[in-house]
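Coordinate analysis (summary)
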Amino acid sequence: MTAFFTVFVTVFLAELGDKTQLATLLFASDGDRNKWFVFFAAAAALTASTAIAVMVGAAAERWLSMLPLKMIAGLGFVAIGAWMILGHFQRA
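Presented here is a report on the structure given in the accompanying data block.

The rules behind these values
One numbering rule holds for all chains: residues counted from 1, following each sequence as written. Totals for whole chains, interfaces and linings use all residues, but because this is a predicted model, local features are given only for residues with pLDDT of at least 70 and pairs of side-chain atoms are given and counted only at 80 or more. Excluded from the side-chain calculations are hydrogens and water; all other atoms, namely the structure's heavy atoms, are used. Comment: elements are numbered from the N terminus, with helices defined as DSSP H or I runs of at least four residues and strands as E runs of at least two. Atoms considered for the radius of gyration are the C-alpha atoms alone. The globule rule reads 2.2 Å times the number of residues to the power 0.38. Each residue gets one of three labels from its accessible area relative to the maximum for its type: buried under 20%, exposed over 50%, partly exposed in between, using a 1.4 Å probe on protein chains only. The protein chains shown are the only cover counted for residues, whose accessible areas, like all others here, come from Shrake-Rupley with a 1.4 Å probe. As used throughout, the charge tally considers Lys and Arg to be positive and Asp and Glu to be negative, leaving His and the chain termini uncounted. In this description, the location of a charge corresponds to atom NZ of lysine, CZ of arginine, CG of aspartate or CD of glutamate. For patch detection, residues must exceed 30% relative accessible area and be free of salt bridges, and they are connected within 9 Å for like charges or within 5 Å for nonpolar side chains (Val, Leu, Ile, Met, Phe, Trp, Tyr). Just to be clear on terms, a salt bridge is a Lys or Arg side-chain nitrogen sitting within 4 Å of an Asp or Glu carboxyl oxygen. When the centres of two rings from Phe, Tyr and Trp lie within 6.5 Å, Trp using its six-membered ring, the rings pair. Their planes under 30 degrees apart give stacked, over 60 give edge-to-face, and anything left gives tilted. For helices, the fitted axis covers only the stretch in contact; all axes are lines through C-alpha atoms, and the angles between them, taken along N-to-C directions, range from 0 to 180 degrees. Convention used here: angles under 35 degrees read as roughly parallel, angles over 145 as roughly antiparallel, angles from 65 to 115 as roughly perpendicular, and any remaining angle as oblique. For any helix crossing, the convention is left-handed if the near helix is rotated counterclockwise from the far helix by under a right angle, and right-handed if that rotation is clockwise. By definition in these notes, contact holds between two residues if any of their heavy atoms fall within 4.5 Å.

**Focus on the overall build of the protein chain**
- Tallying secondary structure elements over the protein chain gives 4 helices and 0 strands in all.
- Mapped from its N terminus to its C terminus, the protein chain presents α and β elements in the order α-α-α-α.
- The C-alpha radius of gyration computed for the protein chain amounts to 17 Å, which surpasses the reference 12 Å derived for 92 residues by more than 25%, pointing to a less compact arrangement than a globule.
- Residues classed as buried in the protein chain amount to 4% of the 92 residues present.
- Entry remark: accessible area of the protein chain is about 8,100 Å², with carbon and sulfur atoms responsible for 77%.
- With 6 positive and 5 negative side-chain charges, the protein chain shows a separation of 6 Å between the mean positions of the two kinds.

Below you can see the structure in the form of structure tokens.
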């Protein structure tokens, strides 16, 4: 149960305010669209993209097990964060 909670919270927080959520918000704000249709279409799209990510991750683990994938991913996120912070100060 701890693993489920960890994955859920991590993905939930990562998705808050991202472009996918904002696009869904815009579709739902259209008065002519059925809100349930928007919900189920967005949920299906997120489920499909997550299934692809899980399959690619499983293949990566199988074929790239000799590489420290978590460290590489973590460094990638740190690099992107540093790049964004630097970009903020360069525009100021």
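**Some remarks on a nonpolar patch on the surface**
- Together, Met1, Phe4, Phe8, Phe12, Leu13 and Leu16 line one region of the surface with nonpolar side chains, adding up to about 730 Å² of accessible area.
- One can find Phe8 in helix α1 (residues 2–15).
- The partly exposed category is assigned to Phe8, whose relative accessible area is 46%.

**A word on the pattern of salt bridges**
- Under the defined criterion, the tally for this structure stands at 1 salt bridge.
- Residues Asp30 and Arg33 are paired through a salt bridge, measuring 3.1 Å at the closest nitrogen-oxygen approach.

**Quick look at the packing of aromatic side chains**
- Per the counting criterion, the structure on display carries 5 aromatic pairs.
- Centre to centre, the rings of Phe4 and Phe8 are 6.3 Å apart; their planes meet at 20 degrees, and the pair counts as stacked. Remark: Phe8 and Phe4 occur in helix α1; sequence separation between them is 4 residues, near one turn of the helix.
- Linked through ring pairs, Phe4, Phe8 and Phe12 together constitute an aromatic cluster.

**Considering the packing of helix α2 (residues 19–29) against helix α3 (residues 35–63)**
- Running from N to C, α2 and α3 cross one another at 160 degrees; their axes reach a closest spacing of 9 Å. Of the possible angle classes, the one that applies to α2 and α3 is roughly antiparallel. The crossing of α2 and α3 is right-handed. On the side of α2, the interface is formed by Thr20, Thr24, Phe27 and Ala28, while α3 contributes Lys35, Val38, Ala42 and Leu46.

**Focus on the environment of Leu69**
- Relative to the assigned elements, Leu69 resides in helix α4 (residues 69–91).
- Residues Leu69 and Gly57, spaced 12 residues apart in sequence, show a C-alpha to C-alpha distance of 9.9 Å.

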